[in-house]
Structure formats: C-alpha cells, structure tokens
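What follows is each chain in one-letter form.
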Amino acid sequence: MKHTLVILLFAVISGLQAQNFSYGDKFPFNPESEKEAQFVLADNYNTYLFSQINEHGMQSQHDIILRKFDQKNALVDTFSFEFPGMGASALYNFLGMYERNENQVVAYTHGYTGKTDKMEVHEIVFDKTTDAFTSRLVFTHAIESNSKSGDLSFRISENGHFAALVYTPYAKRKEPKNTIVHVYNTTNGDEVWSNEVVFDDTTEKHVAVTNSGNVLLVRIEKGFKAETNQVIEVTSAGMKQLAFPEKTALFEPKVFSIGSQDYFIAFYEDKSFGVSAGKFNRLLMYSITDQKVLNDNKVEALTQYKSLTGFSPAEITDVKISELIFKDESIYLVLESMFKAGTVEKPMYAGSSATIEQDLIKYGVGYVLQMDMAGKVMNATTLKTSVGMLPEISNSLGIINVQGDFYINTGWYYGLYKPSQLNDLDDEYGRKLFGYSTLSDYGVFVNQLMHYSPDSRILKLARYHRDNTMSLMDLSNFPN
C-alpha cells in the first residue's frame, strides 16, 4: 500500500511539473505594416503587445497600437493612438520606444512638413491603469523643405536610464553643421541636459548613449575617400574628440559599462592599405573613459560564411551585436548577420508612388563570441539559426534571460537552447523544440518576440500566420 502511494505521489508531482503548450486564438496582424512588435507591461493577469504602423500614400496610417491579452492569451482589448498630426502633407517617422515602469510604455514619433517649414518630435505615453494615451511636444525646429529637413537620431542607453535626440539641421555642402543634442531621463521624461555643437568637415555616421548619460557620435570625413572615423563624446559641458586609431572605419558601436567605466565594442573595416581588407573581420574593444583601444581582434568565424549560407563574406551587409552577456569573468557577444539576397522594388522616399530597385536584405547566420573582460576574443561559435528571415518580420534569433540563464530562440527549426549547450546541439541535448497546435496553419515563430514570467514559470511566444494573423503560445513550467 505504501509503495502504491509513493508511485501515485510521484505521478502527481510529475504531472504538475510537466511542460505543456497552450495556444491563444488568432488575431489580425499584418507583418507588412505593423512593426516593432514587442511584449510590454506584462503581469500575472495580462500581457500587452506593442506595435506601430507608419504607412504613407493614399491610405496613410500612423498609429501606436497596444493589444491587451488575458491569462489564456485571448485578445480582450485593442488601444490605438494616431501620431500627433501636422497636416495632410506631413511625413512621419517612428523613432523608438521603451517601458517607463510597470504601468507605462513610451514611444517617440517624428513629423515634418515643408508646408509649414517645421519638424516636431512627440513623446506618447500609454498608461495601463487608465487605458489611455497622452502626448506632449518635446522638440521642434524649422526646416527648409521635406527634402532638406535634416537628420534625426533617437537612442536609449544600454542600462535604459537615458534617451537621446540628436538633430542636425540641413546645411549646404561647405557650411558648418550644427548638431543639437537633447538627453532625457527615461524615468519621467524630463530633460537632463541639452547642448549644441558645431562640425566643419565630418558627417554623422552612428549615434549611441552611454550609461552615464553622455552621447557618443561616430563621424566620418566628407568625401568618397573617407577612411578614418572621428569618435566624439558630447556632454552637458561641451564635446571632445577621443583619441582613436587612424584608418579605422567603425560599424555600429555597442556601448556598455563595467563599474563606473564606459566602453564600446564595434566591428570595423581596416583601411590601413588604402583598400578594404575585409568587412566585419576585425573587432575592437575601446575604453571611452581612458580613450584607448584595449584589444583589437581578427575574427575568423565570419569568413566561414559561404560554407554556411551559400553567400560569400563580401555579401554581408551588417553584423548586429544583439546582446552582451556578462558571466564568469567573460563577455559573450550574441551576433546576427545580414546579407544581400537580391533586389526588390521600394518607394524612392516616404509617400512616393515612384519606386527604385534596392537591395533585398535578409538575416543570415548567428554567432556567439566569448571575450575576456578586456575584449580579447577567446572563442567563436557559429549558432544554429534559420537563414533568410526577413528583418521586417522576424530576426534569425531572439535572446531572453530566464532566472539568470540566457536562452537563444530560433523557433521550431532549431528550438530554444543556452549558449553553454552549443556543443551539444548535434545530440539535441538541452534543446526545447516547440510543439504544434491544432491550427491548420501552424505559423512561423517571431523569434525575438518572447516574455518570461518567473512567478508562473511561463515562457510566452508568438507566431505569425499566412492569413495576416498572429497567435500567442505559452510554454508552462519552463525551465523544467
């Protein structure tokens, strides 16, 4: 009798700990128009899906959208807010978003029109306690015309504490360029500082915000033979050009901190010999605080690109540093590559009916690079990821922190796994392959769209379907 009770108790416990999939109903979602999809404002009762639509033309639409779901992933409400208007002739850009706290999500939009010769930047806040949007004008400036409206960038710091607007009004070819910088506190949206700096012989290439609230500008010399980037740090007190090696053309830097020190990691194109020695095969770690390169690495992993994808390394258009993971005195860089996969017809500019042939860019292979804390690459591993994902819909992978462990999501094909289990993937050790549902259209996972609730131990995922719908899926008791 005692033996039977033990067996029954074990069966009950096993049943309670079993991992189960639960599926929500489909809801309308057009991946061709809705962008920036993210789970936000999740608690033990509801989850919200953020997206934005910014379409120009005869049937223009410019909206921030929040969908509210219950515990069973059923859609219970949809809230939308039109970008603050500037008239029928205005053009718009979505700049970015972040979660301010457990109740509020914040978005920034940019509108401009030559009809009134001005541009505007608005902050839009959705508060789930009131189910209401509010907006306010945070920046405005005169412009000459739609085609001469200047350049605007919006960035969030790695620690999420600061947001920055960097605006450079249009200037004629040989005129100095005034760059206006505004830095905001993300906790309340208040401005922390603003400054205006002037440049004579360079143009803006990249913008980043440090965790200490300063703005980093990577600028390039004017002209077709530009070879060396200037790295500028702008603060409330002014600006300074940081000491930086010559013949070094940076790609998008990833800015972060270790203690009170600011750093960035970036791939770069070595032009020491006057011609490209290969893109994305060199990676450096730079101390912003000390103004020096700590390590300069030759990265061989990306040269294997052709054997993995069928495309040559020369066709890589970008390598995104999607995540920095600090663990066991190492820095892990999770990378996603993008490559040219032909051409496609696209509008010449926002709102234009005329088209021009442009490169078709898709996601390619992923990588994990292990570095020491001074930026020396110690190991490089090629990830098992889907190749050919369209960036408008799904990345080749997603990253999520689950109780201190990071997991890489590649959807059905390769599943979900830890970077520490990379060498075991051939044996399928540690991988979690997602189950099918009873839907006739199984859908394709949006790899970067994930949320984990530690209280309920539920991993939430999303799939899009061919009939312009999406559905949510919960994986319970994760990890088991």
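Here the structure is shown first, and the text comes after it.
About the cut-offs
- Residues numbered from 1 in each chain as written.
- Predicted model: local features only at pLDDT ≥ 70, side-chain atom pairs only at ≥ 80, totals over all residues.
- Heavy atoms only, no water.
- Pairing = 2+ DSSP bridges.
- Helix = DSSP H or I, 4+ residues; strand = E, 2+ residues; numbered from the N terminus.
- Buried < 20%, exposed > 50% of the residue type's maximum accessible area, 1.4 Å probe, protein only.
- Polar contact = N/O pair within 3.5 Å; in protein donor to acceptor, adjacent residues only side chain to side chain.
- Phe/Tyr/Trp six-rings, centres within 6.5 Å; stacked < 30°, edge-to-face > 60°.
- Lys NZ or Arg CZ within 6 Å of the ring centre and 35° of its normal.
- Salt bridge = Lys/Arg side-chain N within 4 Å of Asp/Glu carboxyl O.
- Patch = residues over 30% accessible without salt bridge, like charges linked within 9 Å, V, L, I, M, F, W, Y side chains within 5 Å.
- Areas by Shrake-Rupley, 256 points an atom, 1.4 Å probe, with all protein chains shown as cover.
- Lys, Arg positive; Asp, Glu negative; His and termini not counted.
- Charge placed at Lys NZ, Arg CZ, Asp CG, Glu CD.

1. Quick word on the sheet that holds strand 28 (residues 398-402)
- Ordered in space as 28-29-30, the three strands form an open sheet in which the pairing is antiparallel. Two strands close off the open sheet at either side, each with one partner strand: strand 28 and strand 30 (416-417).
- Here strand 28 runs beside strand 29 (residues 405-409); their pairing, made up of five bridges, is antiparallel. Bridging from a neighbouring strand, Asn-401 pairs with Phe-406 of strand 29.

2. Brief notes about the side chain of Thr-179
- The topology assignment puts Thr-179 in strand 13 (residues 177-185).
- Its relative accessible area of 0% is what places Thr-179 among the buried residues.
- Within the local environment of Thr-179, its side chain forms a polar contact with the side chain of Thr-168, the two groups lying 3.0 Å apart.

3. A few points about the packing of aromatic side chains
- For the structure on display, the rule yields 19 aromatic pairs.
- Arranged with centres 5.0 Å apart and planes meeting at 55°, the rings of Phe-27 and Phe-69 form a pair that is tilted. With Phe-27 in strand 2 (residues 27-28) and Phe-69 in strand 5 (residues 61-69), this residue pair connects regions lying 42 residues apart in the sequence. Both residues of the pair, Phe-27 and Phe-69, belong to the buried class.
- On the basis of an interplanar angle of 25° and a centroid distance of 5.2 Å, the ring pair of Phe-81 and Phe-133 is categorised as stacked. With a gap of 52 residues between them, Phe-81 in strand 6 (residues 75-82) and Phe-133 in strand 10 (residues 132-142) connect regions that are remote in the sequence.
- Exposure remark for Phe-133: the relative accessible area of 15% places this residue in the buried category.
- Grouping aromatic residues by their ring pairs yields a cluster made of Tyr-48, Phe-79, Phe-81, Phe-126 and Phe-133.
- The positively charged end of Lys-205 is found above the aromatic ring belonging to Phe-251, 5.8 Å away from the centroid.
- It is Arg-219 that lies over the ring of Phe-199; its NZ or CZ is 3.9 Å from the centre.

4. Re the pattern of salt bridges
- All told, the structure shown has twelve salt bridges when counted by the stated rule.
- The shortest N-O distance in the salt bridge between Glu-123 and Arg-136 comes to 2.9 Å. Residue Glu-123 is located in strand 9 (residues 118-127), and its partner Arg-136 is located in strand 10; the two are separated by 13 residues in the primary sequence.
- One salt-bridge network, held together by shared partners, links Arg-100, Glu-123 and Arg-136.

5. Let's talk about a negative patch on the surface
- The grouping of Asp-200, Asp-201, Glu-221 and Glu-246 at the surface amounts to a negative patch.
- Tracing the backbone shows Glu-246 in the loop between strand 18 (238-242) and strand 19 (248-250).

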